[in-house]
Amino acid sequence: MAAGTPLTHPQPRHAFLTSHWLGALSVCGRGQSARAARRGGAAPRPAAVCGMRRLCPRPLLWAARGPRRLSSGASPGMEELLRRSVPPLPPYETKEKAPPPAELRGAEFVRFYRALQPGPPRAELLTRLARDFGVEHGRVAEAAAKVLQAREQRREPGALLQAEDRLRYYLNPQYRGLFQHLGRLEGGLRFLVELRADLMEGLASKAVDGPHVKEMNGVLKNMLSEWFCTGFLNLERVTWQSPCEVLQKISDSEAVHPVRNWVDMKRRVGAYRRCYFFSHCAIPGEPLIVLHVALTSDISSSIQAIVKEVPPLETEDTDKITTAIFYSISLTQQGLQGVELGTHLIKRVVKELQKELPQIEAFSTLSPIPGFTKWLVGLFSSQTKEKGRNELFTESEWQEISEITGDPTSDTLKKLLNTNEWVRSEKLTEVLHSPLMRLCAWYLYGEKHRGYALNPVANFHLQNGSVLWRINWMGDTSPRGIGASCGMMVNYRYFLEETASNSALYLGSKQVRASEQVLALVAQFQQNSKL
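Calculation criteria
- Residues numbered from 1 in each chain as written.
- Predicted model: local features only at pLDDT ≥ 70, side-chain atom pairs only at ≥ 80, totals over all residues.
- Heavy atoms only, no water.
- Helix = DSSP H or I, 4+ residues; strand = E, 2+ residues; numbered from the N terminus.
- Polar contact = N/O pair within 3.5 Å; in protein donor to acceptor, adjacent residues only side chain to side chain.
- Axes fitted to C-alpha atoms, helices over the stretch in contact; angles between N-to-C directions.
- Parallel < 35°, antiparallel > 145°, perpendicular 65-115°, else oblique.
- Left-handed = near helix turned anticlockwise from the far one by under 90°.
- Contact = heavy atoms within 4.5 Å.
- Nonpolar A, V, L, I, M, F, W, Y, C, P; charged D, E, K, R; others polar.
- Disulfide = S-S within 2.5 Å.
- Buried < 20%, exposed > 50% of the residue type's maximum accessible area, 1.4 Å probe, protein only.
- Pairing = 2+ DSSP bridges.
- Arc of directions from axis to C-beta.
- Phe/Tyr/Trp six-rings, centres within 6.5 Å; stacked < 30°, edge-to-face > 60°.
- Lys NZ or Arg CZ within 6 Å of the ring centre and 35° of its normal.
- Salt bridge = Lys/Arg side-chain N within 4 Å of Asp/Glu carboxyl O.

S.K.: Is there a simple way to explain the side chain of Ser242 in this structure?
M.R.: For Ser242, the location among the structural elements is in the loop between β2 (233-237) and α10 (244-253). Here the side chain of Ser242 touches Thr239 through a polar contact of 2.9 Å, landing on its backbone nitrogen.

Here it is, written out as structure tokens:
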């Protein structure tokens, strides 16, 4: 068994296959054959042979891959390589008759790219590819003029549609043809995911920049969204009997609540726990996105109860299970950022759990609130600068806080929040409980970016149609939890019969569905705090 227990074998919808998808399908066939061969081989090693080691985190995707490295000036030259590798866009009239590029050209590009030194050489290649092999603007202008001419002359619909098709064709950048070709190569899809991860890391660090590079990033993201559609994804469950390599990858990729050791890993895939991931038929056995689930009797308010250090339970009593808690979802491939995988994974896991445990009544998350502490400290600073005082607390609250900190200004409190030292004071923790709860409620419910929730986790679950259900005081007492969200966590509850309407309401009208607890806290904020 190569990677967990395959749950489904989805068949692609042939009516919707595009030229890009055909490339993915050709690779899928090879990947599935390899996986079948491995299944017939030796039995997987027991997890114990892995020992208690923890591998280092995955290296930066910007780092070089492959044993051989070339400088940017090495032979073959970069410009010559790009000219050979990027197929020119054939004239519209002969597009169906153009021969496909030689497979060796794509393989040569992959070898050259992986051998480049990290940093400037790769940045130079990506910049040249985006700048010099984009859209041919002259052809676009000519095709656009023909569309306008056809409209003005009121020509027959067929002529107008053909003119519009010509314009669409010439709006394709040349590097898109290279990406299409690479997607058809064995291992090509994995390479494109790695390349986009490098591209995104370069954009974040400003190693690559400019409108051409950003446009290429968007084009590649859209292509990956087609290649990684749900028809090509397999849902796989991870158990303690899964191959050691898969368990290690799941452990290394856990971005929300780090796995401490192999005993911890065994608990997270054991009794009262489920772990699932999506893999792609062209990259079999490789987790793309991972979801951890706790099976409980009620909606959990504390992550400590879920990931606490206790011996793994050997058996589970299904009669005690009424609730499924999604407590961690992690994308393992940075090159797939922006590709909608998380939403589909949650929906598929819900269906799987309903089949396995039909008695489950409630589906909810126990989610972190990244960015809350940073937002709060920023408010202190801006209010002090603009008004000379903060108006987030009532007078009585601020008097108590000042007596404990010994500082009538907010400087000491900001320092305590930034260093997590405030939780050492039982008195200060008690005084801050009520104001921080209402401030957190407003942060999740009322703080917006372009009309949608500012917090990215909230925005994700609200887009999926969940309800902002409950804010939990000291739900995560780990240093990371205290530092990111003053220890608070939140439940987003999924009422399955309402998710579609909730999602439409949020996306269309930007309205957030929230519980009475959250709305009461928001009302307290509006009464007692001022931004």
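There's plenty left to go through after this.
S.K.: So what exactly am I meant to see when it comes to the packing of helix α14 (residues 372-387) against helix α16 (residues 411-419) here?
M.R.: Geometry of a packed helix pair, given as the angle between the helix axes and the separation of the axes. Close contact between α14 and α16 brings their axes to 10 Å; oriented N to C, the two are set at 165°. Classified by the angle their axes make, α14 and α16 are roughly antiparallel. Crossing angle aside, the handedness with which α14 passes α16 is left-handed. Taking contact as the criterion, the partners of Thr373, Leu376, Val377, Phe380 and Ser381 in α14 are, on α16, Leu413, Lys414, Leu417 and Asn418. When grouped by side-chain class, the residues that make up the contact of α14 with α16 number five nonpolar, three polar and one charged.

S.K.: Any chance you could explain the side chain of Thr343 here in plain terms?
M.R.: Summarising the element assignment, Thr343 is placed in helix α13 (residues 342-356). Those residues in contact with Thr343 that sit more than four places away from it in its chain are Phe460 and Asn464.

S.K.: What exactly am I supposed to notice about the state of the cysteines here?
M.R.: Applying the stated criterion across every chain yields a total of zero disulfides. Not part of a disulfide, Cys229 finds its nearest cysteine sulfur in Cys281, a span of 8.9 Å. Here Cys486 is not cross-linked by a disulfide; its sulfur's nearest cysteine counterpart is in Cys440, at 8.2 Å. Take Cys486: its relative accessible area is 0%, and that puts it in the buried class.

S.K.: I would appreciate a short explanation of the pairing of strand β10 (residues 489-494) in the present structure.
M.R.: Looking down a regular strand, the side chains alternate between one sheet face and the other. Across the six residues that make up β10, a large majority, six, are buried. In β10, alternate side chains face the same way, and those of Met489, Asn491 and Arg493 on one face and Val490, Tyr492 and Tyr494 on the other are all buried. As defined by bridge partners, strand β6 (residues 362-365) adjoins β10 across two bridges and the pair is classed as antiparallel. Residue pairing across strands places Phe363 opposite Tyr494, the latter belonging to β10. As paired strands, strand β9 (residues 467-472) and β10 are joined by five bridges and run antiparallel to one another.

S.K.: Please clarify how helix α20 (residues 499-509) should be interpreted in this entry.
M.R.: One turn of an α-helix holds 3.6 residues; hence residues three or four places apart share an orientation. Turning to α20, its buried residues are Thr499, Asn502, Ser503 and Tyr506. Taken end-on, α20 shows its buried residues confined to a sector of 100°, consistent with a single buried face. Exposed and facing more than 90 degrees away from the buried side of α20 are Ala500 and Gly508. Here the buried face of α20 lies against β8 (452-453), α18 (456-463), β9 and β10.

S.K.: Could you clarify how one ought to interpret the packing of aromatic side chains in this entry?
M.R.: Aromatic rings considered in pairs are described by the distance between their centres and by the relative angle of their planes. All chains considered together, the criterion is met by 17 aromatic pairs. Seen in terms of ring centroids, Phe326 and Phe363 are 6.4 Å apart; in terms of plane orientation they differ by 20°. Their pairing is stacked. You can see Phe326 sitting in strand β5 (residues 323-331) and its partner Phe363 sitting in strand β6, a full 37 residues away along the chain. The exposure class of Phe326 is buried, given its relative accessible area of 4%. A residue is classified by how much of its surface remains accessible, and Phe363, at 3% relative accessible area, is buried. Ring geometry for Phe372 against Trp375: centres 5.8 Å apart, planes inclined by 35°, an arrangement best described as tilted. A residue pair is termed a helical-turn pair when its members lie 3 or 4 positions apart in one helix, as Phe372 and Trp375 do in helix α14 at three residues. Considered together, Phe372 and Trp375 belong to a single accessibility category, that of buried residues. Directly above the ring of Tyr113 sits Arg122, whose terminal nitrogen or CZ lies 4.8 Å from the centroid. The aromatic ring of Trp469 is capped on one face by Arg493, whose charged end is 4.9 Å from the ring centroid.

S.K.: Sorry if this is basic, but what is going on with the pattern of salt bridges here?
M.R.: Working definition: two side chains of opposite charge can pair if their charged atoms are close together. Overall, the coordinates contain 24 salt bridges when judged by the stated rule. Notably, a salt bridge pairs Glu80 with Arg84, separated by 3.5 Å at the nearest N-O pair. Of this pair, Glu80 and Arg84 both sit in helix α2 (residues 78-85), four residues apart, which is roughly one turn of the helix. When its relative accessible area of 33% is taken as the criterion, Glu80 is described as partly exposed. The partly exposed category is assigned to Arg84, whose relative accessible area is 26%. Overlapping salt bridges, with partners in common, bring together Glu80, Arg83, Arg84 and Glu108 in one network.

By themselves, these figures tell us nothing about what the structure is for.
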